[in-house]
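Below are the chains, spelled out letter by letter.
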Amino acid sequence: MNGFSYRLRQWGAKLGGALRRFMQGRYGTDKLNMFLLGLGLALSVLAMLLSFPALDLLLTVAAYTLMGIVIFRTLSRNTYKRYRENLRYLQLVQQLRDRQHRYYNCPRCRQQVRVPRGKGKIAISCPKCKEKFIRKT
Ligand SMILES: [Zn+2]
């Protein structure tokens, strides 16, 4: 019995080491992946509950596509690009939660500008390139 549990531990350690080596230099998971995975699972559950054949298929394909993206991102070696995607996702979530401000991109340099909501039409000047543009808040 003791010999068996020892061998099991050895085997577990070996497997863990192999997995670590496999994941070396790969991106792993992040908030965006967790969100995509959740969305994929939700879509596949929805596909099971609904019984419109065409919609079922569409939802199932969408769910598998999302899960494929999650696997691709997890195993990706282009960690910088994956990191940037996650950052963009986190920014978007923050913007959606922020009820006090609106976010615009400067038409010239794409710099993001945050302005207070509910001030009507205002002239915004870009903090980076000083370009002026008018937006409704
Ligand atoms: Zn600008």
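Residues numbered from 1 in each chain as written. Predicted model: local features only at pLDDT ≥ 70, side-chain atom pairs only at ≥ 80, totals over all residues. Heavy atoms only, no water.

**Topic: the coordination of the zinc ion**
As a reminder, the rule being used: Nitrogen, oxygen and sulfur within 2.8 Å of a metal are treated as its donors, or within 3.2 Å for sodium, potassium and calcium (Na, K, Ca); water is not counted, so a site can appear incomplete. Sites are called tetrahedral only when four donors show all angles between 85 and 135 degrees, square planar or octahedral only when four or six donors show opposite pairs over 155 degrees and all other angles between 65 and 115, and irregular in any remaining case.
The protein atoms donating to the zinc ion are C106 (SG), C109 (SG), C126 (SG) and C129 (SG), with metal-donor distances spanning 2.3 Å. For the zinc ion, the four donor atoms in the first shell make angles of 107 to 113° at the metal, a pattern classed as tetrahedral. For the zinc ion, the single-chain donor residues occur in sequence as C-x2-C-x16-C-x2-C.

**Notes on the pattern of salt bridges**
Inclusion rule: Salt bridges are identified by distance alone: a Lys or Arg side-chain nitrogen within 4 Å of an Asp or Glu carboxyl oxygen. Secondary structure elements are defined from DSSP: runs of H or I of at least 4 residues count as helices, runs of E of at least 2 residues count as strands, and each element is numbered from the N terminus. Think of it in three bands: with a 1.4 Å probe and only protein chains considered, a residue is buried below 20% of the maximum accessible area for its type, exposed above 50%, and partly exposed in between.
Tallying each qualifying case throughout the model produces four salt bridges. When the shortest N-O distance is used, the salt bridge between D30 and R73 registers 3.2 Å. Here R73 lies in helix 3 (residues 53–75) and D30 lies in the loop between helix 1 (2–23) and helix 2 (31–49), a separation of 43 residues in the sequence. For the pair D30 and R73, one class covers both residues: buried. Here R73 ties to E85 by a salt bridge, and the two come within 2.8 Å at their closest N and O atoms. Separated by twelve residues along the polypeptide, R73 in helix 3 and E85 in helix 4 (residues 79–97) bring together distant segments of the chain. Comparing R73 with E85 shows no difference in burial state: the two are buried. The structure contains a network of salt bridges with shared partners spanning D30, R73, R82 and E85.

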